[in-house]
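Reading the structure
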Amino acid sequence: MAENNGFTHLPLPLLFQGKPKLHGGGATSFQTKQNTANRITHGGYVKRRSAELSRFWKERRAERSENILPEIETGIPILLEIDPSADIDFLRGLGFEIVCEIEEGFIIVATEDVELSVLNEKADAFIANVTSRCNSPAKVYALCEDGDRLKRVLSQELYAKWETILPDTIYIIDIGVSCCGNIELPKRPKRKDDETDEHYSVREQRWIEKFNDAYMAWDEIKIKREETIENFVADYNGEIMQLSDGISKMADLPDSFSARLKISGKCLFDLVLNFAYIFEVSEAETITMGNAIENNDSLSENVQIEAPVQSAPIVCVMDSGIQENHKYLAPAIVSDESISLLSDNSSISDEVAGGGHGTRVTGAILYPKTIPSDGIYQLPCWIRNMRILDNNNCLPENLYPPTTIAIAVQRYNVENPNPTKVFNHSIGSRKSCEMKHMTAWAAEIDSQSYNNDILFIQAAGNISVDVISAYWQAGYPYPEYLDKELCRISNPAQSLQAITVGSVSEIELETDDFIALGKQMEVSSFSRTGPGIWDVLKPEVVEYGGTHIYNKGSIPPQLTTPPEVCPELIRKSPEGPAFARDDVGTSFSAPKITYIASQIEKVLPESPALLYRALIAQSAHWPKNINEVSKDKCISTLRYIGYGVPDVERATHNDEYRITLVTPSLMELGDDEAHIFQVPIPEELSNVGEDYDILVEITLSYAANPRRTRRYVKGYLSTWLDWCCSRIGEKAETFARRIFETGSVIDDDGDFNWVLGEATNRGAAEGFSRKNSTLQKDWCIIKSNQLSDAFCIAVRGHKGWGGLFKAKYSLAVSFEAINQDIPIYEPIRTEIEGVIENSEIEVEMTERDK
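So, a few notes on the structure that sits alongside this text. (Residues numbered from 1 in each chain as written. Predicted model: local features only at pLDDT ≥ 70, side-chain atom pairs only at ≥ 80, totals over all residues. Heavy atoms only, no water.)

**Things to note about the overall build of the protein**
Looking only at helices and strands, one finds 19 helices and 36 strands in the protein. For the protein, whose C-alpha radius of gyration is 28 Å, the value lies close to the compact-globule estimate of 29 Å for 850 residues. In terms of principal-axis extent, the alpha carbons of the protein reach across some 80 × 70 × 55 Å. The buried share of the protein, taken over its 850 residues, is 60%. Long-range pairs, those at least 24 residues apart, make up 80% of the contacts in the protein between residues at least 6 apart in sequence. A total of about 33200 Å² of accessible surface is found on the protein, and carbon and sulfur atoms cover 46% of it. (Helix = DSSP H or I, 4+ residues; strand = E, 2+ residues; numbered from the N terminus. Rg over C-alpha atoms; globule rule 2.2 N^0.38 Å. Buried < 20%, exposed > 50% of the residue type's maximum accessible area, 1.4 Å probe, protein only. Contact = heavy atoms within 4.5 Å. Areas by Shrake-Rupley, 256 points an atom, 1.4 Å probe, with all protein chains shown as cover.)

Listed below in structure tokens is the structure:
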């Protein structure tokens, strides 16, 4: 990486902060109105179905007693279909505990009242139309059969084989259990118009105390249900699988816990059918990364490898171990901190045949572009080696994936005096990620990323040749098959907080007989695509990971990976240092992004990892200029390569024609809070007579506390954020008053032609919205005379599930003269210094100001 040229990122001035005017809510659904108009009919249906379900559960419990099955402290589970536009918290008033939101309109609830007496009382009041507040049963559309609940709780694979489960066969099962009880987190009190600061502070403090009490009650319920599961499994002579060093058996989130069980089919049947609070059950998947083709070519070299500077960042590689004495790697390895989590193998070496996996990954971090064969090369960062894959490149069943994440963060960040902030995770499922709700593995990454200053770099996953071949023969050649379900990103790449990395091809190669799948910087043949869960943009970025060569006309397609289409990688080599072009995959594109993250940390060591994430996305570009891309091409580009290919120079520095402004320290926002930042625009740039082409890029990177039993970003996160900017020629004060008073900017996009826009029907990428992601980048090209003297960006906090847990965020804003025809950096830097010196920042917009 080039030395610091003086064009460093500059601080982004905070101009205003206050309470934004937000729009929300919606009209009552047609079905709910119909149910309200037909009280007797709908109320009668609710009472009839509640009686049928009550009778069903009494008979099931009697059958358990007759069969002398182990006791289990639990209520009864029920699958409801409700008004999809309703706030699901109304179900508590009907006597239900909300277990999990499954899909739009379907909710699993539980109750200890087998008679469903509260629901019946509410139905009677609804029929009698006692008051306008008794209409909640109208929002309950159906009380479903238990078989419907079963279909939604079990994974697709487990449901397909459910009838063939054998009572005495042992299964390795992953479960998710809700533990909120019927305890609702209190909502933050709204401030009254004439209320004093002192009076509101007293009310807010009471709310905080009640919120903490409710949150602690969740913990108590969690402990009780963990004990229930432990006792239940033990009664069937099963076990809760755990790590050999005594790490907690469970993976905890605020509203749930997950565990891996080793149980009989009989125990599995009883648990799924009768434990009311279970919302996810799947067979443990064998996580395997595959093996490379053996290549024993050794290369001669005459190069001197130097250790990183002492202050260089320390990256953790979670993989198959590393050949730590490899000449090209050894100077960077913090060997005394290497660990193996394998219960039957304490070796920290890479034992994967065919050149290794973790060794290759580490090499891609330390040598992201090319591997030198002569001269002097100083390694860019230090490496911590955490082995979690065995010699078959598989994650053993007794290693629960969420727990490996927790151990890595605890050992190398939380408890370490020299904490690692960047973790490389080139590991994942070989199947597409589930879309029901966030998996325990992905949610653990999200939780750790909120509670600690860390960043996970996650591989998007590889599509197997078998899947490619099947789609190809069905009439979907490259790249058409990339849009199919089996080619979606793999677990845990759907994590909202990890940067998910796909792969692109580096070269264009074609002869009369064969062709490389993908031209230069086009998506690789094997790279899994987005969007992810809840239409979140995934992968966010891509790097060179190779591609396949296709033998023209072959059916089934003959796909090969000759050296010409493979990235150059370090190989495990017992004979000595070696490297080769003999493997492909997103496992090797991800560490190249890890390298960029480490270099951002090197220049901004005190800044939060959320800023590193923002700058990676901010530095990314598509292969072609945005103005040359059609709408259809824009959408497919977002699905395949996200924001594009990042650049380490753009991520860490600027030049005369480009400037990047950032929030250098961690920012926080709660719901109903907003920050407005100002970029002062010099007169020579905004002059009416000038029409320079200016590329404007804005990236918001935020984290919030996750809740796995809820769906969509707005339910999954404690607080969710978005950003918007000022309009053409708009003054800062005018923009601020619209943000804090009218909220009209929400559907405006600032009159600029953003690529994504705030809504799914805006921007060039119709169907995508930047709001859906926790990494929200957008960009546009404008004329310089469209800029006012102060370009403003507002970041707004919105209500999620937990108002006490504020979102944490970083923001980056860049301006670039794309034709390099007017200097930008120095004029804007001078303006910013003037703003800061004049203390024109951090003005709070109070009710009196409005």
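**Observations concerning helix α12 (residues 586-603)**
In this model, α12 (18 residues) spans 27 Å end to end at C-alpha, consistent with the 26 Å of a helix rising 1.5 Å per residue. Burial runs high along α12: 16 of the 18 residues are buried. (Expected span 1.5 Å × (residues − 1).)

**Some words on the packing of aromatic side chains**
The geometry of two aromatic rings is summed up by the distance between their centres and the angle between their planes. One pass over the structure, following the stated rule, counts 28 aromatic pairs. Relative to W218, the ring of Y215 has its centre 5.7 Å away and its plane inclined at 40 degrees; by these criteria the two rings are tilted. With Y215 and W218 both in helix α6 (residues 197-235), this residue pair falls three residues apart, about one helical turn. Take Y215 and W218: they sit in the same class, and that class is buried. Where F677 meets Y809, the ring centres are 6.5 Å apart and the plane angle is 80 degrees; that geometry is what we call edge-to-face. Of this pair, F677 sits in strand β30 (residues 674-680) while Y809 sits in strand β35 (residues 807-817), and the two are 132 residues apart along the sequence. Y809 carries the same exposure label as F677, and that label is buried. Three or more aromatic residues joined by ring pairs form one cluster here, namely W207, F211, Y215, W218, W801 and F805. The residue whose ring lies beneath R60 is W57, and the NZ or CZ to ring-centre distance is 4.8 Å. Just above the ring of F90 sits the side chain of K139; from NZ or CZ to the centre is 4.5 Å. (Phe/Tyr/Trp six-rings, centres within 6.5 Å; stacked < 30°, edge-to-face > 60°. Lys NZ or Arg CZ within 6 Å of the ring centre and 35° of its normal.)

**Observations concerning the sheet that holds strand β22 (residues 514-516)**
Strand order across the open sheet formed by three strands is β22-β24-β25, with antiparallel pairing between neighbours. Lying at the two open borders of the sheet, with one neighbouring strand each, are β22 and β25 (559-560). Where strand β24 (residues 549-551) lies against β25, two bridges are found, and the strand directions are antiparallel. Bridge pairing links Y550 to L559 in β25. (Pairing = 2+ DSSP bridges.)

**Focus on the sheet that holds strand β15 (residues 339-340)**
Reading across the sheet, the seven strands line up as β15-β17-β14-β19-β20-β21-β23 and stay open at both edges, with parallel pairing between neighbours. Here the strands that pair on one side only, and so sit at the sheet edges, are β15 and β23 (541-544). As paired strands, β15 and strand β17 (residues 382-387) are joined by two bridges and run parallel to one another. Paired with S340 across the bridge in β17 is R387. Each of β14 (314-319), β15, β17, β19 (422-425) and β20 (455-459) is contacted by helix α9 (residues 401-414), which is oriented at about 140 degrees to β17, the strand it contacts most. (Axes fitted to C-alpha atoms, helices over the stretch in contact; angles between N-to-C directions.)

**Describing the environment of D693**
Its place among the elements puts D693 in strand β31 (residues 693-703). For D693, the residues in contact, after removing those within four places along its chain, are I781, I782, K783, E816, A817, I818 and N819. Here N819 takes part through its side chain, which lies 3.4 Å from a polar atom of the side chain of D693. (Polar contact = N/O pair within 3.5 Å; in protein donor to acceptor, adjacent residues only side chain to side chain.)

**Quick notes on the pattern of salt bridges**
Side chains that differ in charge, positive against negative, can pair when their charged atoms come close. Taken as a whole and judged by the stated rule, the model has 44 salt bridges. The partner of R571 in a salt bridge is D582, with the nearest N and O atoms 2.7 Å apart. Placement of R571 in the loop between β26 (569-570) and β27 (579-580) and of D582 in the loop between β27 and α12 is noted, with a sequence separation of 11 residues between them. Each member of the pair, R571 together with D582, is buried. Put simply, E697 and R650 hold a salt bridge, and the shortest N to O gap is 3.3 Å. Taken together, the residues span a long stretch of sequence, with E697 in strand β31 and R650 in helix α15 (residues 648-652) at a distance of 47 residues. (Salt bridge = Lys/Arg side-chain N within 4 Å of Asp/Glu carboxyl O.)

**Quick notes on the side chain of H653**
Looking at the element boundaries, H653 is found in the loop between α15 and β28 (658-662). Engagement of the side chain of H653 in a polar contact is seen with the side chain of T652, the distance being 3.0 Å.

**Brief notes about unusual backbone geometry**
The peptide bond linking Y478 to P479 adopts the cis configuration, its omega dihedral lying at -5 degrees. For P479, the location among the structural elements is in the loop between α11 (465-473) and β21 (499-504). With an omega of 0 degrees, the peptide bond between G530 and P531 qualifies as cis. Phi is positive for M521, close to 65 degrees, though the residue is something other than glycine. M521 sits in the partly exposed class, given a relative accessible area of 22%.

**Some points on the pairing of strand β11 (residues 278-283)**
The element β11 is largely enclosed, with a buried count of five among its six residues. Pairing of strand β7 (residues 170-178) with β11 involves five bridges; the strand directions are antiparallel. The residue bridging I175 from the neighbouring strand is V281, located in β11.

**Regarding the nonpolar core**
Counting residues in each nonpolar core, the largest one holds 77 residues, and the members touching the most others are Y367, I383, I457, Y481, I499 and I616. Those residues in contact with Y481 that lie beyond four places of it in its chain are I463, I468, Y471, W472, Y476, C487, L517 and S525. In this structure, Y45, L119, C267 and Y277 belong to the second largest nonpolar core, which totals 64 residues. (Core = buried A, V, L, I, M, F, W, Y, C linked by side-chain atoms within 4.5 Å.)

**Let's talk about helix α2 (residues 39-66)**
With 28 residues, α2 extends 40 Å between its outermost C-alpha atoms, agreeing within 8% with the 40 Å of an ideal straight helix rising 1.5 Å per residue. Within the sequence span of α2, burial applies to R39, H42, G43, Y45, V46, R49, S50, L53, S54, W57, R60 and R64. Backbone geometry just downstream of α2 places I68 in the positive-phi region, at approximately 50 degrees.

**Remarks on the state of the cysteines**
The full count for this structure, using the stated rule, is zero disulfides. Not part of a disulfide, C487 finds its nearest cysteine sulfur in C433, a span of 12 Å. Among the residues examined, C487 registers a relative accessible area of 0% and is labelled buried. Note on C724: no disulfide assigned, nearest cysteine sulfur contributed by C725 at a separation of 7.2 Å. (Disulfide = S-S within 2.5 Å.)

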